[in-house]
Structure formats: C-alpha cells, structure tokens
Amino acid sequence: MGEAQVIRDHAFHVVRRSIPAGRVKNEIARLRNASQTTVEELRTTRNKAARAIGDSGANIFDAQIMIASDEEFLESVIQRISKERINAEYAYQETLGDTIDRLEKSDDLYLRQMIHDIRAVSERVLSLMLGVGQDDENGFNRPTILVGRIFSPGQVMAYAKRNVVGFLTEEGGPASHMGLVIRSLGIPAAMGDFSVGEQLTTGTPVIIDGNKGDVIINPDLETRRNYRRIRAQKQSQPLNVLRQARSITPVCVDGRPIKLGANLEIPGPFDDHLIRLGVGVGLYRTEFLYFAKQVFPDEEEQYLIYSRIAEKFHPLPVTLRTFDLGGDKYSDHLGKIREDNPALGWRGIRVALDATELFRSQLRAMLRASASGNIRILMPMVSDASEIIASMKLIEKIKRELRRSKIQFDEDIPIGVMIEVPSAALSADYLAELVDFFSIGTNDLVQYTMAADRSNHRVSKYYNSAHPSVLKLIQMAVLAAHDNGIPVTICGEMAGNKEMAPFFIGLGVDELSMNPTLLPGVADWISRINSIEAKRFASRVMRLTTTEKVSRAFREAYDYIKQQKKGSWIR
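Residues numbered from 1 in each chain as written. Predicted model: local features only at pLDDT ≥ 70, side-chain atom pairs only at ≥ 80, totals over all residues. Heavy atoms only, no water.

Draft legend 1. Fine view of the overall build of the protein. A count of helices and strands for the protein gives 25 helices and 14 strands. For the protein, the residues scored as buried account for 55% of the 571 residues in total. Partitioning the intrachain contacts of the protein with sequence separation of at least 6 by distance along the chain shows that 67% fall at a separation of at least 24. When the accessible surface of the protein is split by element, carbon and sulfur atoms take 47% of a total near 26100 Å². (Helix = DSSP H or I, 4+ residues; strand = E, 2+ residues; numbered from the N terminus. Buried < 20%, exposed > 50% of the residue type's maximum accessible area, 1.4 Å probe, protein only. Contact = heavy atoms within 4.5 Å. Areas by Shrake-Rupley, 256 points an atom, 1.4 Å probe, with all protein chains shown as cover.)

Draft legend 2. Representation of helix H16 (residues 356–369) within the structure. Taking 1.5 Å of rise per residue, the 14 residues of H16 would be expected to cover 20 Å, and the 20 Å separating its terminal C-alpha atoms lies within 8% of that figure. Looking at H16, one finds that the buried residues are Leu358, Phe359, Arg360, Ser361, Gln362, Leu363, Arg364, Ala365, Met366, Leu367, Arg368 and Ala369. (Expected span 1.5 Å × (residues − 1).)

Draft legend 3. Structural view of the packing of aromatic side chains. One pass over the structure, following the stated rule, counts eight aromatic pairs. Aromatic side chains Phe151 and Tyr159 sit 6.3 Å apart centroid to centroid with 80 degrees between the ring planes, which places their arrangement in the edge-to-face category. Tyr159 shares its class with Phe151; the two are buried. Its end group placed over the ring of Tyr303, Arg368 keeps NZ or CZ at 4.1 Å from the ring centre. (Phe/Tyr/Trp six-rings, centres within 6.5 Å; stacked < 30°, edge-to-face > 60°. Lys NZ or Arg CZ within 6 Å of the ring centre and 35° of its normal.)

Draft legend 4. Structural context of the sheet that holds strand E4 (residues 189–191). The sheet built from six strands is open, its strands ordered E4-E3-E2-E1-E5-E6 with mixed pairing. Of all strands in the sheet, those with a lone pairing partner are E4 and strand E6 (214–217), marking the two edges. Taken pair by pair, the neighbouring strands of this sheet meet at an average axis angle of 30 degrees, ignoring direction. Judged from the five bridges that link them, strand E2 (residues 144–148) and strand E3 (residues 164–169) form a sheet pairing that is parallel. Along E3, the bridge assignment pairs Ile145 with Gly166. (Pairing = 2+ DSSP bridges. Axes fitted to C-alpha atoms, helices over the stretch in contact; angles between N-to-C directions.)

Draft legend 5. Representation of the nonpolar core in the model. In this structure, Phe438, Ile474, Phe503 and Leu512 are the most contacted members of the largest nonpolar core, which totals 121 residues. A per-element tally of this core places helix H21 (residues 468–483) first, with eight residues. With sequence-adjacent residues up to four places away left out, Phe503 is seen in contact with Leu471, Phe537, Ala538, Val541, Met542 and Phe554. One finds Leu31, Phe73, Leu74 and Ile86 within the second-largest nonpolar core, a separate group that totals 30 residues. (Core = buried A, V, L, I, M, F, W, Y, C linked by side-chain atoms within 4.5 Å.)

Draft legend 6. Unusual backbone geometry, seen in detail. Cis geometry is adopted by the peptide bond preceding Pro315, which originates at His314 and carries an omega value of 5 degrees. Within the secondary structure, Pro315 is located in the loop between helix H13 (299–313) and strand E9 (318–321). In this structure, Asn218 is a non-glycine residue whose phi angle is positive, near 55 degrees. Note on placement: Asn218 falls in the loop between E6 and helix H9 (221–233). For Asn218, a relative accessible area of 47% translates into the label partly exposed. The backbone phi angle of Lys406 is positive, close to 55 degrees, even though this residue is not glycine. Residue placement: Lys406 occurs in the loop between helix H17 (385–404) and strand E11 (415–419). Residue classification places Lys406 among the exposed residues on the basis of a relative accessible area of 77%.

See below:
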C-alpha cells in the first residue's frame with residue numbers, strides 16, 4: 001500500500017557538436033571515464049546484491065558489467081568520434097542506436113531482452129558525460145509504489161532501501177532480471193497496462209495484492225481499511241511474514257501432519273528463515289541460472305550452486321527441477337527456433353532429451369551435489385512414459401561414469417516428475433511405477449486442461465482451478481501415486497490457496513509447496529482442519545458437476561472453518 005511515483009524514462013537530448021582535432025583525445029577520455037565509473041558502480045551494486053540476495057542472485061549484474069566494459073562497442077564509439085570529429089555523448093548515442101536496432105530485428109527473444117540491460121547501462125554512461133544526476137539518489141517520505149516502463153536491477157536494489165514498497169511496470173515479466181531481483185527481495189510487483197498519465201499519476205493511492213494478483217488504483221476508504229487489517233494480520237511486508245514467524249507446525253486437528261515446502265528461484269533473504277522454521281525446498285526452478293546470465297552455466301558452475309544450496313538446507317530436502325525452458329532459449333546450441341505457440345511446443349523435458357549434452361551436464365551436476373543426501377531431481381513437462389524411461393537410462397549411465405571416476409553421489413537419489421499435462425495425469429498409474437515421487441504443477445495443468453492461457457485476458461475467465469475436470473486429474477494423480485507407494489506434492493499456486501487446503505488434505509496430498517511468504521498462514525490454517533472431515537469433504541466435492549458449485553463449496557468450507565463451526569462445512 002502506498003502512493004504512486006511515476007518514473008519516466010530518461011530522455012537525453014544530446015546535441016551533435018563538431019570538435020577540433022585537438023579535442024578528440026579529450027572526448028575519448030570522457031567516454032572512457034564515464035564507462036569505467038559505470039563499471040565500478042555496477043560492481044559495487046553487485047557486491048551489495050550478493051550480501052542481500054546471495055551470490056547467485058547477484059550474477060544478474062554480471063551482464064550489465066560486461067555490457068559497460070565491452071571494448072568492441074567502445075572502440076566503435078571512439079572510431080566515430082575520431083572520424084566524424086564529434087562530441088563523445090552524441091557518438092555514443094548514435095552507436096548505441098545502431099546496436100539496439102540490430103537487436104530489435106533479431107529472431108532471438110533473449111537477444112532482444114538484452115536491450116533492457118543495454119539501456120540501463122547507457123543511461124548511466126550518458127548521465128555521467130552530460131553531468132545529469134540520477135533520480136534514484138533520494139528516498140521518499142511516504143511508502144511508495146514505483147511506476148514505470150521497466151527498472152534495472154540496480155535501480156531495484158537502490159529503491160528497495162528508500163521506502164519503495166512495490167513496483168508496477170509495463171515491461172519485464174517474472175523471468176526478467178528486474179523481476180528476479182524484485183522477487184528475491186520479497187517486494188510485491190505487477191506488470192501490465194495501468195493507464196499511466198490518465199488514471200494513474202504521481203501521488204495516486206495504490207494497493208498491490210501479490211497473493212491475488214490484484215492492483216487497486218484509488219481504493220475507497222472501506223477497501224483501504226480492509227487491506228490495512230489484512231496487512232496487520234500478515235505482519236506487513238512479505239519478508240516479515242517469515243522473519244516474525246516463530247514456528248511452522250502444519251498438523252491437522254486430528255494429529256495428521258502435512259508437509260510444507262517453499263518454491264524458490266534464487267537464493268536470497270528467505271533462506272535463513274526457512275531453515276530456522278524447518279521448511280525445505282519443494283521446488284527450485286533451476287532455469288534462473290540461465291536467466292541470470294543469458295547463457296547456460298557449465299557443469300562445474302551448476303555443481304557449486306546446487307551443492308551450496310543442499311549443504312545450506314541440510315538435512316531438509318531440496319527438490320531441483322531440471323531446466324523448464326522453451327526451445328527459443330536453446331537457440332545457440334540447436335539453431336534458431338521460432339514457434340507460433342511455444343507453450344504447446346518444444347519445452348521442458350522435450351527439449352532436454354534433444355539437447356542431450358545440456359541435459360547430461362545438468363544431471364551430472366545434480367548427481368554430484370547429491371552426495372549431501374538431501375537432493376531430489378524433478379523433471380518438468382512430462383507427457384509420456386517414454387520420456388521417463390529415456391531420462392532414467394541417461395541418469396543410470398551418468399551414475400556408472402561417476403562410480404568409475406570414484407565421485408560420490410546419492411545412489412538412491414529420488415527422481416520425480418511434474419504432473420502438469422493432462423496426458424501425464426491420465427497415465428499417472430504407470431508413470432508412478434517408474435519414479436519416486438509426483439509433483440503436481442497446477443498452474444500449467446489448469447492452462448492445458450482448460451485450453452486457456454492465464455496471461456491472456458480474453459480467455460482468463462476460462463482459467464479456473466476449481467473446474468471439476470482439473471480436480472479429477474489431480475485426484476487421479478494422487479490415487480496413482482499412493483497406489484504405488486510414492487508421495488505427491490502440490491507445487492502450483494493452488495498450494496497456497498487456503499480455500500483449497502481442505503480438499504487437498506482430504507485427497508491425501510502429502511505436501512504443499514508454495515511461495516515462502518504464504519507458509520505461516522497456510523500452516524496455521526491447516527491446524528484448524530480435521531483431516532477425517534476433509535476426506536469426506538473431498539468426496540463430496542468430487543461429485544459436484546460445475547465450477548460454480550465447486551467454488552461455492554470451497555467458500556462455504558472456508559467460512560465455516562474460519563468461524564470454527566466444527567463439522568458443518570462437510571455437508
């Protein structure tokens with residue numbers, strides 16, 4: 001909750017000026033000084049980020065350091081200064097424009113995304129040459145929500161300490177450098193079209209509800225009161241939810257324990273609190289390692305990162321999911337890939353089994369790190385048993401290589417699959433015979449079952465986790481897992497939804513893995529639920545035939561449990 005502060009992009013009006021031959025060296029020196037100062041500032045920011053969110057998270061800044069110190073680019077600017085005898089800032093801006101034009105025409109999505117980093121670096125270099133101060137030097141007197149096109153990782157780090165409590169941006173999704181840093185700091189954020197300049201101007205009251213994905217502009221008095229009440233109950237900022245939690249003991253009224261896990265993308269400030277509270281990593285999204293540097297790390301770099309995470313959380317379990325990336329990210333290795341519908345295309349395990357060397361490198365790193373004994377490997381986007389069989393053969397081959405080299409690893413390392421494609425849920429009975437655990441990715445399962453992209457507002461009404469078909473697929477996966485004696489985890493957004501907790505407990509789900517900030521609230525909620533009654537409730541829900549009836553049943557159960565009217569919610 002805060003007041004909007006609209007930050008416009010820097011608009012540098014650089015004038016072309018002719019210079020005498022005798023001043024060419026001075027202009028080149030100005031350029032080099034500005035570039036070197038920018039590199040030094042970025043290195044300082046990187047060191048601060050490493051202390052705040054861990055070294056892996058701070059690697060995001062390496063890309064900007066590389067851009068700022070790119071000798072080939074600087075040499076192009078210098079040649080322009082010398083040949084045309086013009087001022088350094090104009091030569092820099094013109095050369096920069098040529099570079100951005102080429103990147104914007106590229107078919108490679110991630111080359112185009114580098115433009116954000118290039119612009120962030122160039123703004124600082126130009127501001128130094130022009131003698132213009134930075135907008136982010138000062139803090140704000142009131143809790144502030146920054147609004148803008150996009151912010152650099154360095155700006156996020158700086159603003160986070162200056163009374164900025166949220167971000168609204170027009171660009172830069174969850175996988176962007178900006179998004180990764182914001183999330184690692186536990187700050188609410190949202191991306192979209194917020195009618196900047198019309199409905200949303202500087203000073204406008206704004207509420208960001210990160211749990212629901214809501215952005216409320218100019219909230220009325222009653223809405224503000226409600227959210228103040230909610231914020232007070234949730235101990236204000238997201239990180240404080242964990243910092244102030246004394247314990248997380250998810251045990252049902254009748255004594256049945258429910259495991260809770262945390263979904264993580266980068267090591268950060270949540271880690272120490274999770275360890276203190278005895279919460280392991282239910283899902284670690286390793287694709288962050290790619291997003292941080294725009295290249296795939298080699299085996300050794302991955303091994304060091306995985307082993308540090310495993311050692312830090314030991315003996316708590318750490319579930320490492322193999323790269324869940326689309327084919328466009330592998331373009332440097334397999335040629336350029338362009339798909340009209342990448343969500344239904346070449347991604348996850350499909351790409352891994354084709355990009356064998358990348359997959360082998362990651363599996364070797366994970367197996368080597370598993371010597372600590374608390375790592376589990378999870379494979380995404382599985383749709384057919386043949387994918388599991390092929391992956392298991394590769395894993396066994398790597399294990400033989402490690403044995404011959406006398407490299408230690410966990411011989412019994414658990415291997416699991418994501419159930420997020422309807423075909424996987426429908427064939428869960430024989431998939432369960434091949435693996436050690438299931439993890440149900442409800443976000444994609446809903447999307448693929450309902451044929452509705454949740455990021456597409458035109459079909460968002462069809463993206464409904466309470467649809468009976470989605471619940472039936474989840475039930476099939478849970479029953480198949482338990483029939484084969486393996487545990488099952490819910491790791492999508494549904495895991496942190498209190499209204500759905502009685503249903504999952506009633507189905508017999510073994511673990512719920514969610515955003516770390518939701519853990520204390522869900523643990524407390526579970527302590528109010530009787531698992532025997534929940535089982536009867538789940539049976540009743542599975543007989544309902546419409547989304548409306550299911551949603552109503554969930555809401556009624558939630559209200560009854562909240563009011564502690566024992567038993568009445570299972571009617």
